[in-house]
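So you can see what is in the structure, the chains are spelled out below.
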Amino acid sequence: MTLTVLFAASDANWAEYAEPLRAAIAAAGLTASLTREAAPQAVDYIIYAPTSPLQDFAPYIRCKAVLSLWAGVERIVGNPTLTQPLCRMVDPALTEGMVEWVVGHALRHHLGMDRHILNPGHVWDPSCPPLARERPVAMLGMGELGTACARALAALNFPVTGWSRSPKQVDGISCLHGDAGLDQALSQAQIVVTLLPKTPETENTLNARTLALLPKGAVILNPGRGALIDDDALLAALDAGQVGHATLDVFRVEPLPPDHPFWSHPRVTVTPHIAADTRAPSASRVIAENIRRGEAGEPFLNRVDRGRGY
Ligand code: NAP
């Protein structure tokens with residue numbers, strides 16, 4: 001039987017994904033018509049990005065799953081017309097990219113690289129940074145991405161405390177959960193990485209109260225979602241020196257508006273939501289594997305729990 005797989009994402013996504021998807025679907029032993037237009041009642045699977053005009057899933061009565069190209073699903077998870085199983089993207093290449101971004105920016109701050117890269121006065125300052133083993137890190141979110149980043153930092157000897165919703169055990173990482181766990185993780189962290197999904201519970205996880213728990217001068221890396229941080233509280237903490245620097249990849253409004261104070265703040269680094277991108281060849285294999293699972297009656301990978309919102 002030929003499956004109908006609707007690609008509901010942007011033109012740019014289509015240009016990037018059409019060939020890798022066709023190859024991955026064929027390699028998975030499936031026969032499918034991958035299309036950008038189809039009668040809704042004929043569609044078996046939808047490959048989806050929230051930038052798509054498709055917002056009403058009700059007519060897709062035969063659709064067995066909606067397969068997101070994005071790891072974060074906050075823009076789709078609450079759609080009341082979406083009753084089909086929803087799977088988010090867990091792409092090994094995206095994880096690799098996130099590890100590189102987090103480790104790179106953590107090392108920038110840990111080693112104080114700016115002091116030497118930006119040294120207009122040609123100051124000879126021979127002071128050495130501490131070792132990584134002396135620089136505690138808090139990883140807020142210990143899912144696919146947070147755990148991979150925590151492991152990479154721990155491999156460099158950073159003492160890493162991970163924080164998640166449910167209790168966890170990860171070799172080499174001290175794992176905490178719950179409100180008390182958050183306070184404990186923050187109270188000792190010189191570098192905080194936020195890799196939580198955006199849900200009603202995680203919004204403003206870093207706020208005036210929790211930022212005040214940090215050791216003075218701590219650094220924040222946010223490649224998760226803008227809403228995890230209260231912008232005004234962060235700006236106040238930066239101005240007071242409570243937070244030494246914030247490297248932010250994600251924002252409440254994207255692109256970050258030109259007049260947003262983050263652009264000009266001397267202790268904020270803005271990266272334009274590039275921490276980790278889904279890569280078409282590996283992501284296509286993940287999508288094809290989920291279609292194969294759907295057809296074989298096996299559980300889908302990376303299925304979103306709508307109750308939790310991620
Ligand atoms: P994930 O596997 O779903 O992991 C989410 C983690 O957050 C889990 O450890 C979860 O705890 C924890 N969490 C959720 N709600 C919580 C709460 N209320 N309190 C404490 N912990 C909570 O997600 P992921 O794949 O690692 O991705 C994380 C986020 O990264 C995505 O949602 C997306 O927003 C962002 N992202 C950004 C980029 C970028 O380029 N900047 C790229 C990809 C993804 P449990 O383990 O207990 O469930």
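Before any of the text, the structure's been laid out above.
Here's what I pulled together on the structure shown here.

Cut-offs applied
Residues numbered from 1 in each chain as written. Predicted model: local features only at pLDDT ≥ 70, side-chain atom pairs only at ≥ 80, totals over all residues. Heavy atoms only, no water. Near = heavy atom within 4 Å. Polar contact = N/O pair within 3.5 Å; in protein donor to acceptor, adjacent residues only side chain to side chain. Areas by Shrake-Rupley, 256 points an atom, 1.4 Å probe, with all protein chains shown as cover. Helix = DSSP H or I, 4+ residues; strand = E, 2+ residues; numbered from the N terminus. Axes fitted to C-alpha atoms, helices over the stretch in contact; angles between N-to-C directions. Parallel < 35°, antiparallel > 145°, perpendicular 65-115°, else oblique. Left-handed = near helix turned anticlockwise from the far one by under 90°. Contact = heavy atoms within 4.5 Å. Nonpolar A, V, L, I, M, F, W, Y, C, P; charged D, E, K, R; others polar. Buried < 20%, exposed > 50% of the residue type's maximum accessible area, 1.4 Å probe, protein only. Lys, Arg positive; Asp, Glu negative; His and termini not counted. Salt bridge = Lys/Arg side-chain N within 4 Å of Asp/Glu carboxyl O. Expected span 1.5 Å × (residues − 1). Bend = angle between axes of the 7 residues up to and from the residue. Pairing = 2+ DSSP bridges.

Let us look at the site of the ligand. Of all residues adjacent to the ligand, which total 31 residues, the nearest are Arg88, Ser166, Lys168, Pro223 and Tyr310. Within the contact set of the ligand, an oxygen atom lies 2.6 Å away from a side-chain nitrogen or oxygen of lysine 168. In the complex, the protein chains occlude 92% of the 940 Å² of accessible area that the ligand would expose alone. Ranked by residues supplied to the shell around the ligand, first place goes to helix α4 (residues 144-155) with three residues.

Right, let's get into the packing of helix α1 (residues 11-27) against helix α9 (residues 280-296). Running from N to C, α1 and α9 cross one another at 45°; their axes reach a closest spacing of 8 Å. One element, α1, and the other, α9, form an angle in the oblique class. The interaxial crossing formed by α1 with α9 has right-handed handedness. Contacts from Glu16, Tyr17, Pro20, Leu21, Ala24 and Ile25 of α1 reach α9 at Ala280, Pro281, Ala283, Ser284, Arg285, Ile287 and Ala288. Looking at side-chain class alone, the contact of α1 with α9 contains 10 nonpolar, one polar and two charged residues.

Structurally, the position occupied by arginine 135 is in the loop between α3 (114-117) and β6 (137-140). One buried charged residue, arginine 135, remains without a salt bridge, the closest side chain of opposite sign being glutamate 134 at 8.0 Å. Looking at arginine 135, its side chain comes within polar contact range of the side chain of glutamine 190, at 3.1 Å. If near-sequence neighbours (up to four positions away) are discounted, arginine 135 is found in contact with His109, His110, Pro130, Phe158, Pro159, Gln190 and Ile191.

This paragraph deals with α1. A rise of 1.5 Å per residue sets the reference length of α1, with its 17 residues, at 24 Å; its end C-alpha atoms lie 24 Å apart and thus fit the reference within 8%. At tyrosine 17, α1 shows its largest bend, some 45°, and a proline, proline 20, comes one to four positions later. Buried residues of α1: Asn13, Trp14, Tyr17, Ala18, Leu21, Ala24 and Ile25, and no others. Packed against the buried residues of α1 are β1 (3-8), β2 (32-35), β3 (45-48) and α9. Directly beyond the C-terminal end of α1, a positive phi value near 80° is found at glycine 29.

So, on to the sheet that holds β2. Hydrogen bonds along the backbone pair up the strands of a sheet, which may run parallel or antiparallel. Pairing in this open sheet of five strands is parallel, and the strands run β2-β1-β3-β4-β5 from one edge to the other. Strand pairing shows two members of the sheet lacking a second neighbour, β2 and β5 (86-87), which therefore form its edges. In terms of strand pairing, β1 meets β2 through four bridges, oriented parallel. Within β2, the residue paired with threonine 4 across the bridge is serine 33. Sheet contacts for α1: β1, β2 and β3; angle to β2, the most-contacted strand, approximately 175°.

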